[in-house]
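The chain contents come next:
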Number of protein chains: 2
Amino acid sequence: MTKARVTVIDIAKAAGVSKSTVSLVLQGSSLVNEATRAKVNTVMRDLGYVYNRGAANLRQAGAKSRIIGVVVNDLTNSFFAELAVGVDMVVQSAGFVQFLSNTGESIDRQREVVASMREHGISGLIVSPARATDAADFKPLVAAGIPVVVVVRNLPGAKVSSIVSDNRAGMVSAVKHLAGLGHKRIAFLGGFPDTAVFDDRLAGYRSGMEAAGLDYHEELVISSAPSRAGGVEAIGKAIALGRRPTAAVCFNDAVAFGVCDGLRARRLEPGADFAVVGFDDVIEAQAAVPALTTVSVDPQGIGRRGAQMLLKQINAGKAEAETVTTAVRLVVRESCGAGKAAPARAGKSVKSKQDAE
Amino acid sequence: MTKARVTVIDIAKAAGVSKSTVSLVLQGSSLVNEATRAKVNTVMRDLGYVYNRGAANLRQAGAKSRIIGVVVNDLTNSFFAELAVGVDMVVQSAGFVQFLSNTGESIDRQREVVASMREHGISGLIVSPARATDAADFKPLVAAGIPVVVVVRNLPGAKVSSIVSDNRAGMVSAVKHLAGLGHKRIAFLGGFPDTAVFDDRLAGYRSGMEAAGLDYHEELVISSAPSRAGGVEAIGKAIALGRRPTAAVCFNDAVAFGVCDGLRARRLEPGADFAVVGFDDVIEAQAAVPALTTVSVDPQGIGRRGAQMLLKQINAGKAEAETVTTAVRLVVRESCGAGKAAPARAGKSVKSKQDAE
DNA sequence: TGACAGAATTGGAACGTTCCAAATACTGAT
DNA sequence: ATCAGTATTTGGAACGTTCCAATTCTGTCA
């Protein structure tokens, strides 16, 4: 049909004004007379004009592309999907649009997508870096004046803003809760020791033990892959211990689920025979049997927060690196053995987000 | 630091060639001499040049922005998250980048994001339309020569390509399976009757019943919101029936979970006392207790497939609307009562994707 | 030496917008 | 009428790229 694009000049011609005036209308300038504005607007509608942001962008020298890039390491993980949704919410209502890419923990992929996004002229970037990301990777971005916000995992050396959940405090409250239930030997299970998140959570465990007046025993810290399989492995080692623990805080929910699996394989019932608490509060946590006691981190909140932070920096031209840690909250369900009072029936209270096609 | 952008002209100057030559190098033209090409490339690296796709794009009149838009109605639903990942995979390795937006079932939001994407010059669009989307909404896009692929839900009136799962066949196999287990009164629970997906699945239910030699009773079809809460509601009505059913196929997994909740609330054990089968095979389906028997649709596969289709159309300039339905597969687990042979212990076989931060 | 073909390079002129400085149109005094 | 002052409008000249037609550079052959 209409082969050629409708341009601002076509509008101008049809409305009997100059292209400059049309441009003024486009940016909602107060300089233009109401009557002309109305006329121009109708003409635009009639001709089916679509704004060419690329062209605009070209003129306004790199400033406002109204695109922000979002890079996550695993979108199939509901934690990150929620995060992306949080970002999308604020970004969208600020009139921006987001590039969303998935790295699947591949550093190369990450480099590629960031480069590609840069070529497209993003005005800011939110990234949950792939494991072992080099802090220097984002140097060129910030040097070019593109604000970067790192979420979930922090990037030690980089001079960028970051927003992570309060891993330390979360673990402290988990440990205190278990101690309050009378547990004395509490293990820390799962996670790879080479990550900042692991360090934080372990530190929280130690200080929680200390606060509860319990001794810290090296043997009770058992690392493993931060996955379900890792959890099975870790609980196996824990049970083999001379004086076996009676409870465990886990690196994350996946590990906690694995721990439950491992317990059942040994005819131990999680919750009743051994207390388990997780970390993250993934969607499955509330629907599982027994429902998982865990530390809720609200990934969507982190996404929103991160996006706000980024937008602020974009608008400010260049804000300096700021780092925020968001509050977490222990959600007591059944797997810690505390939920006994309430009937352990399937929870009616679950408010699932499942609402597929 | 480096305040001004490095442009192709800077490169040209530094390399002692003309901007045209640099441009040629950029697009990998075979016209340019190896030696010059090498020189230009090193200079580009040294000066930290980044390609300005916007500018390029402007010149090549709307053709190839290498951006494709992806619009889904609920990213927090793992079904759609998986779909997005599937799209991302092929799109990314084709050197494109994706705009990903979430409508949350809001038509207005959908209109906004599509408009925004258009302004940014996407070269194609993949969309899982929000409920009650008007087919005409995508008319302008295709008129402008931007290929559109509709996934998951189809858009009756629109002249666009679409790719949906074989809802009919899926339901047929679910019903046959239940009939094979000896059930005679099988209900169809959940879903809103005003959607195409509902119609397809219901049709599958009817023809499955017919194929099994069972009568179709209007009263056994109970619609409700396609959510967990809707499932609770629907099973309530089903049980109140004079001759109550002994099994149900559900509109989707969310409904199926709700049905399980509702059964338990009435002291009926899903699987043992009443057979339940879902649709979608969301991630939670295998970890639930009892594990859900359901129809698996491989959303990631749909995403990949849809992206390939779109890319093909983009490259072809303009391909005509083609519609594909992808195969589905019944996954028998425990909730249908067939899994009895295997011990109903917590499954070791679950391979969860949980592996958060 | 001149002519010629092919290879390699190169100056504009676009693309659709925004910005700037300057022009023009109005308004109400004088 | 004229003037100042404000309100509105307007032609270029950018922005960073690609495309086209034209040019220069090679080497070869008569």
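Since this is a predicted model, take the numbers as computed values, not measurements.

**Section: the protein's contact with DNA strand D**
Okay, step 1: Taken together, 28 residues lie around DNA strand D, and Ser18 of chain A together with Thr7, Val8, Ser23 and Asn52 of chain B are the ones closest in.
Okay, step 2: Secondary structure elements with two or more residues in the surface near DNA strand D: α2 (19-26) and α4 (53-59) of chain A together with α1 (8-15), α2 (19-26) and α4 (53-59) of chain B.
Okay, step 3: When its residues are assigned to classes, the surface near DNA strand D shows 13 nonpolar, 11 polar and 4 charged.

**Some words on the packing of α1 of chain B against helix α3 (residues 34-47) of chain B**
Residues and elements named next belong to chain B.
Okay, step 1: Relative orientation of the contacting elements α1 and α3 amounts to 120°, with a least axis distance of 9 Å. As the angle between them shows, α1 and α3 are arranged oblique. When you trace α1 past α3, the crossing you get is right-handed. Only Lys39, Val40, Val43, Met44 and Leu47 of α3 make contact with α1, whose side of the interface consists of Asp10, Ile11, Ala14 and Ala15.
Okay, step 2: Classifying every residue of the contact of α1 with α3 by side-chain character gives 7 nonpolar, no polar and 2 charged.

**Regarding the UniProt feature "domain: HTH lacI-type" (unreviewed entry) in chain A**
Okay, step 1: Feature annotation in UniProt assigns "domain: HTH lacI-type" (unreviewed entry) to the following positions: residues 6-60 of chain A.
Okay, step 2: This span, residues 6-60 of chain A, is 67% helix and 0% strand, and a straight line between its end C-alpha atoms measures 21 Å.

**Overview of the domain arrangement of chain A**
Okay, step 1: Domain parsing of chain A yields domain 1 (8-59), domain 2 (67-165 + 300-327) and domain 3 (167-297).
Okay, step 2: The straight-line distance from the C-alpha centre of domain 1 of chain A to that of domain 3 of chain A is 61 Å.

**Quick word on the sheet that holds strand β8 (residues 247-250) of chain B**
As a general point, the strands of a sheet are linked pairwise by backbone hydrogen bonds and lie either parallel or antiparallel.
All names here are of chain B.
Okay, step 1: Spatially, β7-β6-β8-β9-β10-β12 is the arrangement adopted by the 6 strands of the open sheet, whose pairing is mixed. This sheet does not close on itself; its edge strands, each paired only once, are β7 (221-222) and β12 (329-331).
Okay, step 2: As defined by bridge partners, strand β6 (residues 186-189) adjoins β8 across 4 bridges and the pair is classed as parallel. Across the sheet, Ile186 pairs through a bridge with Ala247, a residue of β8.
Okay, step 3: Sheet strands touched by helix α11 (residues 253-265): β6, β8, β9 (275-280) and β10 (293-296). Its angle to β9, the strand with the most contacts, is close to 155°.

**Focus on the pairing of strand β8 (residues 247-250) of chain A**
Residue and element names in this part refer to chain A.
Okay, step 1: Burial along β8 is two-sided: the residues Ala247 and Val249 and Ala248 and Cys250 are all buried.
Okay, step 2: Pairing between β8 and strand β9 (residues 275-280): 3 bridges, direction parallel. For Ala247, the partnering residue across the bridge sits in β9 and is Ala275.
Okay, step 3: With helix α11 (residues 253-265) bridging β8 and the parallel β9, this β-α-β connection has right-handed handedness.

**Examining helix α3 (residues 34-47) of chain A**
All names here are of chain A.
Okay, step 1: Under the 1.5 Å per step criterion, the end-to-end length of α3 is 20 Å for 14 residues, consistent within 8% with the ideal 20 Å.
Okay, step 2: Along α3, the residues classified as buried are Val40, Val43 and Met44. The buried residues of α3 all sit within an arc of 105° when viewed along its axis, so they share a single face. Seen from the buried face of α3, the exposed residues on the opposite side, beyond 90 degrees, are Glu34, Ala35, Ala38, Thr42, Arg45 and Asp46.
Okay, step 3: Looking one or two places after α3, you find Gly48, whose phi comes out positive at around 70°.

**Describing the protein's contact with DNA strand C**
Okay, step 1: By nearness alone, 28 residues border DNA strand C, and Thr7, Val8, Ser23 and Asn52 of chain A together with Ser18 of chain B come closest of all.
Okay, step 2: Breaking the surface near DNA strand C down by element, the ones donating at least two residues are α1 (8-15), α2 and α4 of chain A together with α2 and α4 of chain B.
Okay, step 3: Of the residues assigned to the surface near DNA strand C, the class counts are 13 nonpolar, 11 polar and 4 charged.

**With respect to the environment of Cys250 of chain A**
Residue and element names in this part refer to chain A.
Okay, step 1: The topology assignment puts Cys250 in strand β8.
Okay, step 2: For Cys250 and Ser101, which are 149 residues apart along the polypeptide, the C-alpha to C-alpha distance reads 29 Å.
Okay, step 3: When sequence neighbours within four positions are dropped, the list of residues in contact with Cys250 reads Leu189, Gly190, Gly231, Val255, Ala256, Val259, Val276, Val277, Gly278 and Phe279.

**Focus: the pairing of strand β6 (residues 186-189) of chain A**
All names here are of chain A.
Okay, step 1: Side-chain alternation along β6 places Ile186 and Phe188 on one buried face and Ala187 and Leu189 on a second face that is also buried.
Okay, step 2: As defined by bridge partners, β6 adjoins strand β7 (residues 221-222) across 2 bridges and the pair is classed as parallel. Across the sheet, residue Leu189 finds its bridge partner in β7, namely Ile222.
Okay, step 3: On the question of chirality, the crossover connecting β6 to the parallel β7 by way of helix α9 (residues 196-211) is right-handed.

**Some points on the sheet that holds β7 of chain A**
Okay, step 1: Ordered in space as β7-β6-β8-β9-β10-β12 (chain A), the 6 strands form an open sheet in which the pairing is mixed. A single partner strand is all that each edge strand has here, and the edge strands are β7 and β12 (329-331) of chain A.

**Examining the confidence of the model for chain A**
Okay, step 1: Overall, the prediction assigns chain A a mean pLDDT of 89, with 92% of residues at 70 or greater.
Okay, step 2: Confidence drops under a pLDDT of 50 for residues 340-357 of chain A, and excluding neighbours within four residues, the segment shows 42 contacts in the predicted structure.

**What about the environment of Ser23 of chain A?**
Residues and elements named next belong to chain A.
Okay, step 1: Looking at the secondary structure, you find Ser23 in helix α2.
Okay, step 2: Residue Ser23 is classed as partly exposed on the basis of its C-beta count, with 17 C-beta atoms lying within 10 Å.
Okay, step 3: Sequence spacing of Ser23 and Phe257 is 234 residues, and the spatial spacing of their C-alpha atoms is 58 Å.

Procedures and definitions
Residues numbered from 1 in each chain as written. Chains lettered and ligands numbered in written order. Predicted model: local features only at pLDDT ≥ 70, side-chain atom pairs only at ≥ 80, totals over all residues. Near = placed C-beta within 6 Å. Helix = DSSP H or I, 4+ residues; strand = E, 2+ residues; numbered from the N terminus. Nonpolar A, V, L, I, M, F, W, Y, C, P; charged D, E, K, R; others polar. Axes fitted to C-alpha atoms, helices over the stretch in contact; angles between N-to-C directions. Parallel < 35°, antiparallel > 145°, perpendicular 65-115°, else oblique. Left-handed = near helix turned anticlockwise from the far one by under 90°. Contact = placed C-beta atoms within 7 Å. UniProt positions renumbered as here; feature names shortened; annotations may be inferred. Domains from an automatic or database assignment. Pairing = 2+ DSSP bridges. Buried ≥ 20, exposed ≤ 12 C-beta atoms within 10 Å, placed from the backbone. Right-handed = clockwise from strand over helix to strand, strands pointing away. Expected span 1.5 Å × (residues − 1). Arc of directions from axis to C-beta. pLDDT = per-residue confidence, 0-100.

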